[in-house]
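# Structure assessment
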Amino acid sequence: MAIATINPATGELLKTFEPLNDIEIAQKLDLAQQAFEKYHKTSFQERSVWMQKAAEILEQEKADFAKMMTLEMGKPLKAAIAEVEKCALVCRYYAEHAAEFLADTSVKTDASQSFIKYQPLGIILAVMPWNFPFWQVFRFVGPALMAGNVGLLKHASNVPQCALAIEEIIQKAGFPQGVFQTLLIGASKVADLMSDERVKAATLTGSEPAGASLAAAAGKQIKKTVLELGGSDPFIVLESADLETAVATATTARMLNNGQSCIAAKRFIVVETIADKFEKLLLEKFQALKVGNPMESETDLGPLATPDILKEIDQQVQAGVKSGAKVLTGGHPLSDRPGNFYPPTILTDISPENPVAQEEFFGPVAMLFRVPDIDAAIKIANATPFGLGASAWTTNSQECDRLIEEIEAGSVFINGMVKSDPRLPFGGIKRSGYGRELSIQGIHEFVNVKTVWVK
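Residues numbered from 1 in each chain as written. Predicted model: local features only at pLDDT ≥ 70, side-chain atom pairs only at ≥ 80, totals over all residues. Heavy atoms only, no water.

Helix and strand counts for the protein chain stand at 14 helices and 20 strands. In terms of overall dimensions, the protein chain has C-alpha extents of about 65 × 60 × 40 Å along its principal axes. Burial status across the protein chain gives 56% buried among its 455 residues. Distance from the positive charge centre (44 side chains) to the negative charge centre (54 side chains) of the protein chain: 4 Å. (Helix = DSSP H or I, 4+ residues; strand = E, 2+ residues; numbered from the N terminus. Buried < 20%, exposed > 50% of the residue type's maximum accessible area, 1.4 Å probe, protein only. Lys, Arg positive; Asp, Glu negative; His and termini not counted. Charge placed at Lys NZ, Arg CZ, Asp CG, Glu CD.)

Quick look at the structure:
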């Protein structure tokens, strides 16, 4: 894929970028290593001042950053503004809590003194996706830089202006030169970076194939990785649920980021007694959504990020229909306009043998399953290779306990939409990846947890 800005709402090529050559990549690595040798000796207080300044820049210039995101990958402008605000939040969270999270921890043993010390590793490579072009990066930047590491960013090739803007924010915030750098490179260069002894670990958010490739490259070098990959999150609605609130949340959860979110609700699993009403209300909500120019404030659903994603979504829908699924609404690309637009779509009558039942739809397509009871709901929820998030709706405490205990996922939200929060660890199990971002667990991923024993 060329490194370029292509407006997904119009298909217009706006700007292209020349990838770094091998000499330029080597220079960036040299600078990163030189920066780390000094930066890891800075105090938490110094880092906190710089990180707070980064938050200020994000808040002050959020309108411009939001427009940049919308222009490059198509999310509605109001969602892009909220994303920038969330980035400022995660910067402040780690600016305020990193010293506490990484303080020496005393442990009573047979030694005169024994404790756990947390020390930075060095250069961390971040391979990031286009769907949340600022948030995915800043949820790495906050903990990694506050821990004393330095970062190299290999961003998605369709959001180069966002990638460069993030590097500029870090520089303007006062962080020393080389502490965070953007590498405009293709995916083929990632394995070479992982083989460089100065790169100590990597984090990736993206597809299963991308995660497997990075993990394989890192494994050859015995280097740690954190992977946040795909998801086909269940959204379970049981009989005691507040149905209208559940439907409204279901619509938001499926259409988040034009449907292009790993933690978007994708499989709606509803008990038979309320399934007809849920289906009717969901259909009404989907059909009322305004699809259009993501720069306009009244737009609910913008374009998909690339023509390839549009093509893949349509192929998945058609394959599902061929295997017996029924389309309630949508089901074909919008050909009455330029750009990568796909309408809100609902598929029903999906058998367990239908291939789409096991797949992730990375776009505005909802799958609706009817089940007789909570046992069947949990069984379908877990009948997927993914395990990122899950949302479940009930006011029955016993059902709540079972859902929390038995759903196979990195997070379970009861009567609420799955979301990431700096205060809570975020990540998945099964083919959704491993490791955790955010909270105290996130900052501990890329440090040396050193045991110290003195007698």
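Closest axis-to-axis distance for the helix 2 (residues 44–60)/helix 5 (residues 135–146) pair is 10 Å, and the angle between their directions is 160 degrees. As judged from the angle between their axes, helix 2 and helix 5 are roughly antiparallel. Both helix 2 and helix 5 take part in a crossing whose hand is right-handed. Contacts from Phe44, Arg47, Ser48, Met51 and Leu58 in helix 2 reach Phe138, Val141, Gly142, Leu145 and Met146 in helix 5. Among the residues forming the contact of helix 2 with helix 5, the class breakdown is seven nonpolar, two polar and one charged. (Axes fitted to C-alpha atoms, helices over the stretch in contact; angles between N-to-C directions. Parallel < 35°, antiparallel > 145°, perpendicular 65-115°, else oblique. Left-handed = near helix turned anticlockwise from the far one by under 90°. Contact = heavy atoms within 4.5 Å. Nonpolar A, V, L, I, M, F, W, Y, C, P; charged D, E, K, R; others polar.)

We now examine the packing of helix 12 (residues 374–382) against helix 13 (residues 397–406). Axis separation between helix 12 and helix 13 bottoms out at 11 Å; the angle between their running directions is 20 degrees. The angle between helix 12 and helix 13 falls in the class roughly parallel. With respect to the hand of their crossing, helix 12 and helix 13 are arranged in right-handed fashion. Note on element contacts: helix 13 touches helix 12 through Glu399, Arg402, Leu403 and Glu406, opposite Ile374, Asp375, Ile378 and Asn382.

Turning to the sheet that holds strand 8 (residues 199–205), a few remarks are in order. In spatial order, the strands read 7-6-5-8-9-19; together these six strands make up an open sheet with mixed pairing. In the strand order of this sheet, the two ends are held by strand 7 (180–182) and strand 19 (433–434), each with one partner. Bridge analysis of strand 5 (residues 123–127) against strand 6 (residues 150–154) gives five bridges, and the strand direction is parallel. If you follow Ala126 over to strand 6, its bridge partner there is Leu153. Its contacts with the sheet put helix 1 (residues 22–39) on strand 5, strand 6, strand 7 and strand 8, and the angle it makes with strand 6 is roughly 155 degrees. (Pairing = 2+ DSSP bridges.)

All right, on to the sheet that holds strand 3 (residues 105–106) then. Ordered in space as 3-4-20, the three strands form an open sheet in which the pairing is antiparallel. Where the open sheet ends on each side, the last strands, each with one partner, are strand 3 and strand 20 (447–454). Taken together, the eight bridges between strand 4 (residues 113–120) and strand 20 define a ladder with antiparallel strand orientation. Directly across from Gln119, in strand 20, lies its bridge partner Asn448.

Across the five residues that make up strand 5, a large majority, five, are buried. With burial as the criterion, each face of strand 5 is covered, one bearing Ile123, Leu125 and Val127 and the other bearing Ile124 and Ala126. Running through helix 5, the crossover from strand 5 to the neighbouring parallel element strand 6 is right-handed. Two elements, strand 5 and strand 8, share five bridges in a ladder whose sense is parallel. Bridge pairing in strand 8 links Ala126 to Thr203. (Right-handed = clockwise from strand over helix to strand, strands pointing away.)

Between its terminal C-alpha atoms helix 1 stretches 25 Å, which fits the 26 Å expected from 18 residues at 1.5 Å a residue. Of the positions making up helix 1, those classed as buried are Ile25, Leu29, Ala32, Gln33, Ala35, Phe36 and Tyr39. Projection of helix 1 onto a plane perpendicular to its axis shows the buried side chains occupying an angular sector of 165 degrees, all on one side. Helix 1 presents Ile23 and Lys38 as exposed residues on the side facing more than 90 degrees away from its buried surface. With a side-chain oxygen positioned 3.1 Å from the backbone nitrogen of Ile23, the residue opening helix 1 is Asn21. (Expected span 1.5 Å × (residues − 1). Arc of directions from axis to C-beta. Polar contact = N/O pair within 3.5 Å; in protein donor to acceptor, adjacent residues only side chain to side chain.)

The next thing to look at is the nonpolar core. In terms of nonpolar packing, the biggest core is built from 148 residues, with Leu58, Phe134, Phe138, Leu145, Val237 and Phe278 touching the most fellow members. The biggest single contributor to this core is helix 4 (residues 77–101), with twelve residues. Sequence-distant contacts of Phe134, that is, excluding residues within four places in its chain, are made with Leu58, Phe65, Met69, Glu83, Cys87, Cys162, Ala165, Ile166 and Ile169. (Core = buried A, V, L, I, M, F, W, Y, C linked by side-chain atoms within 4.5 Å.)

Inspection of the secondary structure assignment puts Ala9 in the loop between strand 1 (4–6) and strand 2 (13–16). By relative accessible area, Ala9 is classed as buried at 13%. With 329 residues separating them along the chain, Ala9 and Pro338 place their C-alpha atoms 6.8 Å apart. Ignoring any residue separated from it by four or fewer positions in sequence, one finds Ala9 in contact with Pro294, Pro303, Pro338, Gly339 and Phe341.

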